[in-house]
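A structural walkthrough
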Amino acid sequence: MQKRHATVAVVGAGDYIGAEIAKKFAAEGFTVFAGRRNGEKLEPLVKEVEAAGGTIFGRSLDARKEDEVAAFLKDADSHAPLEVTIFNIGANVNFPILETTDRVFRKVWEMACWAGFVTGRESARLMLPRGQGNIFFTGATASVRGGSGFAAFASAKFGLRAVAQSMARELGPKNIHVAHLIIDSGVDTAWVRERREQLWGKEALDNPDLLMPPASVAASYWQLYLQPRSAWTFEMEIRPFGEKW
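Residues numbered from 1 in each chain as written. Predicted model: local features only at pLDDT ≥ 70, side-chain atom pairs only at ≥ 80, totals over all residues. Heavy atoms only, no water.

Attention shifts here to the side chain of Asp-77. Relative to the elements of secondary structure, Asp-77 occurs in helix H3 (residues 66-79). A relative accessible area of 18% means that Asp-77 is categorised as buried. Polar side-chain contacts of Asp-77 include one of 2.8 Å to the backbone nitrogen of Leu-82. The contacts of Asp-77, once residues within four sequence positions are left out, are Leu-82, Leu-126 and Arg-130. (Helix = DSSP H or I, 4+ residues; strand = E, 2+ residues; numbered from the N terminus. Buried < 20%, exposed > 50% of the residue type's maximum accessible area, 1.4 Å probe, protein only. Polar contact = N/O pair within 3.5 Å; in protein donor to acceptor, adjacent residues only side chain to side chain. Contact = heavy atoms within 4.5 Å.)

This brings us to the layout of surface pockets. Here the second largest pocket defines a volume of roughly 160 Å³. Residue lining of the second largest pocket: Glu-83, Gln-132, Gly-133, Asn-134, Asn-175, His-177, Leu-224, Tyr-225, Gln-227, Arg-229 and Trp-232, and that is the complete set. Sorting the residues of the lining of the second largest pocket by element identifies strand S5 (133-140) and helix H7 (214-226) as the ones contributing at least two each. Taken together, the residues of the lining of the second largest pocket break down into 3 nonpolar, 6 polar and 2 charged. (1 Å grid on protein atoms, 1.4 Å probe; cavity = no way out; pocket = protein on both sides within 12 Å on 5 of 7 lines; lining within 4 Å. Points joined across faces, edges and corners; volume = space filled by probe spheres on them. Nonpolar A, V, L, I, M, F, W, Y, C, P; charged D, E, K, R; others polar.)

Next up on the list: H7. Its 13 residues give H7 an end-to-end C-alpha distance of 19 Å, which sits within 8% of 18 Å, the value for a rise of 1.5 Å per residue. The set of residues buried in H7 consists of Pro-214, Val-217, Ala-218, Ser-220, Tyr-221, Trp-222, Leu-224 and Tyr-225. (Expected span 1.5 Å × (residues − 1).)

Here we come to the packing of aromatic side chains. The final tally for this structure, using the stated rule, is 13 aromatic pairs. Taking 5.1 Å as the distance between ring centres and 80° as the angle between the ring planes, the aromatic pair formed by Phe-25 and Trp-222 counts as edge-to-face. One end of the pair, Phe-25, is in helix H1 (residues 17-27); the other, Trp-222, is in helix H7, and 197 residues separate them in sequence. Its relative accessible area of 0% is what places Phe-25 among the buried residues. The rings of Phe-25, Phe-30, Trp-222 and Tyr-225 are connected pair by pair, giving a single aromatic cluster. Its guanidinium or amino end placed over the ring of Trp-245, Arg-239 lies 3.8 Å from that ring's centre, counting from NZ or CZ. (Phe/Tyr/Trp six-rings, centres within 6.5 Å; stacked < 30°, edge-to-face > 60°. Lys NZ or Arg CZ within 6 Å of the ring centre and 35° of its normal.)

A word on the sheet that holds strand S3 (residues 55-60). Taken in spatial order, the 7 strands of this open sheet run S3-S2-S1-S4-S5-S6-S9, and their pairing is parallel. One side of each edge strand has no neighbouring strand; the edge strands of this open sheet are S3 and strand S9 (235-238). Strand-to-strand twist across the sheet, computed as the mean angle between neighbouring axes with direction ignored, equals 15°. In the sheet, strand S4 (residues 82-87) pairs with S5 via 4 bridges, with the strands oriented parallel. Bridged to Val-84 within S5 is Asn-134. Sheet strands in contact with helix H5 (residues 151-171) are S4, S5, strand S6 (176-183) and S9, and its direction is about 155° off that of S5. (Pairing = 2+ DSSP bridges. Axes fitted to C-alpha atoms, helices over the stretch in contact; angles between N-to-C directions.)

A few words on the packing of helix H4 (residues 102-127) against H5. The N-to-C vectors of H4 and H5 enclose an angle of 15°; their axes lie 7 Å apart at closest approach. Taken as axis vectors, H4 and H5 run roughly parallel relative to one another. Relative to H5, H4 is oriented so that their crossing is right-handed. When H4 is examined against H5, the residues Phe-105, Val-108, Trp-109, Ala-112, Cys-113, Gly-116, Phe-117, Gly-120, Arg-121 and Ala-124 are found in contact with a partner set consisting of Ala-151, Ala-152, Phe-153, Ser-155, Ala-156, Lys-157, Gly-159, Leu-160, Val-163, Met-167 and Leu-171. Here the residues of the contact of H4 with H5 sort into 15 nonpolar, 4 polar and 2 charged. (Parallel < 35°, antiparallel > 145°, perpendicular 65-115°, else oblique. Left-handed = near helix turned anticlockwise from the far one by under 90°.)

What follows concerns empty space enclosed by the protein. In the structure shown here, the tally under the stated rule is 1 cavity of 30 Å³ or more. Counted as a void, the largest cavity has a volume near 30 Å³. In terms of residue class, the lining of the largest cavity is made up of 6 nonpolar, 2 polar and no charged.

Let us now look at the pattern of salt bridges. Summed over all chains, the structure comprises 16 salt bridges. Notably, a salt bridge pairs Arg-36 with Asp-15, separated by 2.8 Å at the nearest N-O pair. Of this pair, Arg-36 sits in strand S2 (residues 31-36) while Asp-15 is found in the loop between strand S1 (7-11) and H1, placing the two residues 21 residues apart along the sequence. Residue Arg-36 is classed as buried on the basis of its relative accessible area, which comes to 15%. For Asp-15, a relative accessible area of 51% gives the class exposed. (Salt bridge = Lys/Arg side-chain N within 4 Å of Asp/Glu carboxyl O.)

The residue Met-167 is located in helix H5 in this model. Classification of Met-167 as buried rests on a relative accessible area of 12%. For the pair formed by Met-167 and Val-178, sequence separation is 11 residues and the distance between their alpha carbons is 6.7 Å. Look past the residues within four positions of Met-167 in its chain and what remains in contact with it is Gly-120, Arg-121, Ile-135, Phe-137, Gly-172 and Val-178.

Right, dumping it as structure tokens:
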């Protein structure tokens, strides 16, 4: 492992996609700052990364709180220059429109859109003086298509995509790569497996090619990071080869 004098911040370092992103960048020599609401849940990830020779710091982080996000990113940047920020907050919920309460709608927007805006802005604040950096956002099918029962989630993800696109147009000419990754498929997590079984029965889990491994998402983020600035992607869509679309 070649150590780099650079940091990656993962906002939303959950057990699946976020954890795999952290492991991938750590394996490539980055110092990782991983944040999630309950920081104690990061302990297994921290142990795994350190056992493999990587460097990682786990933090409790409520991404809806501006001061916490700013402090988290500044802490990362003070350890080594913040080169990559990945915003990976999910907030995927499904409610019929008449059961979508004001509280649900606002909370989902705060988690999936507002928190992304704050994360992107505070990352740019640190990266612009150096004239380089990468800010990546995790999107979903709901980023471009509102589905039945997904009014809250889709509106937040549509908003996050708009924030990312505006940032990309403003910051790209300043040598900061902003990208939005649309995950157009179910990701292989315990929650997704449970939901598919509830909706369609156990046979819905028979085909392993219809669920995307979290490590594949992490590999896609790494590909975005490696792109030369003469050919940057703003938006990448990924799905398993067995997915109909």
